[in-house]
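Descriptive structure summary
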Amino acid sequence: MATVDLENLTVRFGEVTAVNGFTMTLHQGEFIVLLGPSGCGKTTTLRCIAGLQQSTSGEIRFDGKPVTRLTPAERNIGMVFQFVSLYPHLTARQNIAFPLRARGVPRPEIAAKIDSVAKVFMIGDILDQYVVGLPPGARQKVSLARAVVREPDVLLLDEPLSGVEEQYREEMRWELRQFQKELGITTVHVTHDQREAMSLADRVVLMRDGKIVQSGPPATLFDNPADRFAASFIGSPSMNFLTLKIAAGGLGVASDQSLGVSAPQEAIDRFRAQGLNEVILGIRPHLVELANEAPIGQNVWPAQLVDAVLVGRNLQAEFAVGGQTIKAELPSDAAIGPTSVLRLPPEHCFFFGPDGSRVG
Amino acid sequence: MTMSMDEPPMAAARSGRKSFRTLPDAWLCGLFIAPTVLILALMVFYPFLSLIRYSSLNFSMMRPNVMPVNVGWGNYVDLLTDKDIWQRFVFTGKFVLATVSIQFVLGIAAAYGFQRDFKGRDFLFTVALMPMMFCPIVVGFLWRYMFNSDWGIVNWLISLVGVAKVDWLGKSENALWAVAIADAWTWTPFVILLATAAFRGIPRDIRESAQIDGASPAFTFFRVTLPMSLPIITIALLLRLIDAFKQFDLFLAMTAGGPASETETAAYSLSKIAFGYFHTGEASAFAIILLVVIIGLSMVFVRYLTRLSNRI
């Protein structure tokens, strides 16, 4: 269990910069999720912490001690890989014993440690099976047991749930979080699945092009995205984006100026001062309201129904508004017709500049 | 064309001559397989069956006009009660053990070395594979000269470190090692090739897991790399055992079976009976005995492999 400092970590592969000046402190016992699309540098960052990848520049410290030039074996880490990396010729027990035997731990001590991790991960009954025959979920539990049996300073998880079938993944996520809290090991988890990130993390670190876009508790990333990329990457179904025009009379939907948008005057003044004539409005589908009774006005617009699908207890509807698309997540009994009235609560609207930066 | 309703829709799409369309599937299958079966029958079954037939005859191909006499199991009994034959088998066994051990120790060690990335690796790898491509009889003469006790390079080299000259090919126990070295020189590359393929087949995640688990290179090699490569290495071992068991060319070139018949392998003996004395019947029986030994050996390996692959 340790505090991990990453300072200005940079990794270049020839012309490509995979990780670009990554700086962060992971607190003891914290569950950090590195989230981002493929190629954003999240796995490379993880491999740097593991020591499997040497950084081009920057420093890594465990509890203040520099480990940047140490080999993986010298760092006291545990790691679980994306695809099952258990030793296929060994049983579950022999797999878990492997890191202990490699370090020459005496046999009675090994047996005791295996017993205790087997209890945590509830795998006592499969210890003597060869790992190849086990279902993916059980195999990843054995992988986790092997990673933590040595009581590592840091636990590194590289998309450990991507090989587990969808139906068990939810359960595994919940268990993973329980295990992590129980063991209290500082954990770094890499994933491209935003739902996984949101349900596991104490802190989500959203990455793009080797840099941190936003870092914070899941709720912060969801409710207060740093930019358009963060807004679109997190949340399912993803956020609506509407292009707006800044005209003399105020804000309006670009393709139909008669659809007015309410925004604080100081914000509109700021857009003008920045020389913007277009901004992008973002709103999450579940915050779009059906307001058939309300008079048409700012943020209350007539909308043509394009399609609607019942997903579980929600109605996911797609509307056309002034030639642009708005998705709404409505209650299943919502009274939608070919023409409905939608309300976009101003307090839930975000504004982004044409370059994707958050402007309001 | 008429089409009944219960016919599958594909039937309508079928084209071709009517005679083929009306042929039952089983006949059509038979027709397609027939050429292969015919070739197999001519090239494999016929020679094999005639071998079995010859093995029960007192027959020499040098005297085709003499009516062969059926001796039943006679040839087998004669061979298996001949003390010399057993000595040939013992010698063959020693030779196989010696050459295959050298091949696997050196081959696996070299393959381990080739896992690392170093300058000129690909070139060196190609060079290392070359001995396998030489004609065996050429290899035999090459090594016969190198092992020449008067002017061979081997004796010259050991004389440099002050060791007395060795009569490499004149004494059977030395000749065994000399031929084993020549054979290993030819076939170690094969082991390098297969072991390299096996090692490269181990996923990167596994190697990195071992690194993170703090396993030393030796621990990783003996506990992970080698056991995971076992299926391929076992196949290599089987192939090398069978080939070494049949070794003939090198002995012909290097010792011609001498001194006396002390360095005759089973295969060498067989060729002497067949094409030296032209005891075709006895030679056929001998060939079948060798075949049985090799098949027995293969079956042991196949069973072991099945067990391995059930586990991995």
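1. A word on the overall build of chain A
- Across its full length, chain A holds 9 helices and 20 strands.
- For chain A, the C-alpha atoms occupy an extent of roughly 80 × 45 × 30 Å along the three principal directions.
- Across the 360 residues that make up chain A, the buried fraction comes to 41%.
- Contacts in chain A between residues at least 24 apart in sequence constitute 66% of all its contacts with a sequence separation of at least 6.

2. Here's the deal with the overall build of chain B
- Along chain B, the regular secondary structure elements total 14 helices and 2 strands.
- Within chain B, the proportion of its 312 residues that are buried is 28%.
- Long-range contacts, defined here as pairs at least 24 residues apart, represent 70% of the contacts in chain B between residues at least 6 apart.

3. As for the environment of E151 of chain A
- With respect to the helices and strands, E151 of chain A occurs in the loop between α4 (136–148) and β7 (154–158).
- Residue E151 of chain A is classed as exposed on the basis of its C-beta count, with 12 C-beta atoms lying within 10 Å.

4. Some words on the pairing of strand β17 (residues 314–321) of chain A
Residues and elements named next belong to chain A.
- Alignment of strand β16 (residues 300–311) against β17, held across 7 bridges, turns out to be antiparallel. By the bridge assignment, V311 is partnered in β17 with N314.
- The hairpin formed by β16 and β17 contains 2 residues between the paired strands, and G312 there has a positive phi angle of roughly 60°.
- The hairpin turn running from β17 into strand β18 (residues 324–331), its antiparallel successor, is 2 residues long, and G322 in that turn takes a positive phi close to 55°.

5. Focus on the environment of I283 of chain A
- Assignment of secondary structure puts I283 of chain A in strand β14 (residues 278–283).
- As for I283 of chain A and N240 of chain A, which are separated by 43 residues in sequence, their C-alpha atoms are 5.3 Å apart.

6. Side note on the domain arrangement of chain A
Residues and elements named next belong to chain A.
- Each assigned domain of chain A is listed here: domain 1 (4–233) and domain 2 (240–352).
- Of note, the centres of domain 1 and domain 2, computed from C-alpha atoms alone, are 40 Å apart.
- Class assignment for the residues of the side of domain 1 that touches domain 2 results in 2 nonpolar, no polar and 2 charged.

7. Some words on the interface of chain B and chain A
- Contact with chain B, which involves 16 residues of that partner, is made by 18 residues of chain A.
- Mapped by element, the contributors of at least two residues to the side of chain B that touches chain A are α10 (204–212) and α11 (217–245) of chain B.
- For the side of chain B that touches chain A, the element with the most residues is α10 of chain B, which contributes 6 residues.
- Counted by class, the side of chain B that touches chain A contains 9 nonpolar, 3 polar and 4 charged residues.

8. Comments concerning the sheet that holds β17 of chain A
Residue and element names in this part refer to chain A.
- If you walk across this open sheet you meet the 5 strands as β15-β19-β16-β17-β18, and the pairing is antiparallel. Two strands bound the open sheet, and with one partner strand each, they are β15 (289–290) and β18.
- Two elements, β15 and strand β19 (residues 339–343), share 2 bridges in a ladder whose sense is antiparallel. By the bridge assignment, L290 is partnered in β19 with L342.

9. Thoughts on helix α5 (residues 83–114) of chain B
- When the terminal C-alpha atoms of α5 of chain B are compared, their 46 Å separation across 32 residues agrees well with the 46 Å that a helix rising 1.5 Å per residue should span.
- Along α5 of chain B, the positions that sit buried rather than exposed are R88, F91, T92, F95, V96, T99, V100, Q103, G107, I108, A111 and F114 of chain B.

10. A closer look at the sheet that holds strand β4 (residues 57–62) of chain A
Residues and elements named next belong to chain A.
- With antiparallel pairing, 4 strands are arranged side by side in an open sheet as β2-β1-β4-β5. The open sheet has two free edges, formed respectively by β2 (16–26) and β5 (65–66), since each of these has just one partner strand.
- Inspection of the sheet shows β4 paired to β5 by 2 bridges, in the antiparallel sense. Within β5, the residue paired with R61 across the bridge is P66.
- Packing against the sheet, helix α1 (residues 42–50) makes contact with β1 (4–13), β2 and β4, and its axis sits at approximately 120° to β1.

11. Describing unusual backbone geometry
Residues and elements named next belong to chain A.
- Omega for the bond connecting S236 with P237 falls within 30 degrees of zero, at -5°, which places this linkage in the cis form.
- You can see P237 is positioned in the loop between α8 (228–233) and β11 (240–247).
- The phi torsion at N8 lies on the positive side, around 55°, for a residue other than glycine.
- Within the secondary structure, N8 is located in strand β1.

12. A short note on the domain arrangement of chain B
Residues and elements named next belong to chain B.
- Considered domain by domain, chain B is made up of domain 1 (15–70) and domain 2 (75–311).
- On the domain 2 side, the residues contacting the 11 residues of domain 1 number 9 residues.
- Of all the secondary-structure elements, those providing two or more residues to the side of domain 1 that touches domain 2 are α3 (25–54) and β1 (57–58).
- With 3 residues, the top contributor of residues to the side of domain 1 that touches domain 2 is α3.
- For the side of domain 1 that touches domain 2, the per-class residue count stands at 7 nonpolar, 4 polar and no charged.

13. Thoughts on the environment of M239 of chain A
Residues and elements named next belong to chain A.
- By secondary structure assignment, the location of M239 is in the loop between α8 and β11.
- Taking the C-alpha atoms as reference points, M239 and R343, separated by 104 residues in sequence, lie 15 Å from one another.
- Not counting the four nearest positions on each side in its chain, M239 is found in contact with A231, S232, G282, I283 and R284.

14. A look at the packing of helix α3 (residues 107–121) of chain A against α4 of chain A
Residue and element names in this part refer to chain A.
- The geometry of α3 relative to α4 is characterised by a closest axis approach of 10 Å and an angle of 135° between their N-to-C directions. Considering the angle they form, α3 stands oblique to α4. α3 and α4 meet at a crossing whose hand is right-handed. Here V117, A118 and F121 of α3 lie close against α4, whose contacting residues are K141, L144, A145 and V148.

Calculation notes
Residues numbered from 1 in each chain as written. Chains lettered and ligands numbered in written order. Predicted model: local features only at pLDDT ≥ 70, side-chain atom pairs only at ≥ 80, totals over all residues. Helix = DSSP H or I, 4+ residues; strand = E, 2+ residues; numbered from the N terminus. Buried ≥ 20, exposed ≤ 12 C-beta atoms within 10 Å, placed from the backbone. Contact = placed C-beta atoms within 7 Å. Pairing = 2+ DSSP bridges. Domains from an automatic or database assignment. Nonpolar A, V, L, I, M, F, W, Y, C, P; charged D, E, K, R; others polar. Expected span 1.5 Å × (residues − 1). Axes fitted to C-alpha atoms, helices over the stretch in contact; angles between N-to-C directions. Parallel < 35°, antiparallel > 145°, perpendicular 65-115°, else oblique. Left-handed = near helix turned anticlockwise from the far one by under 90°.

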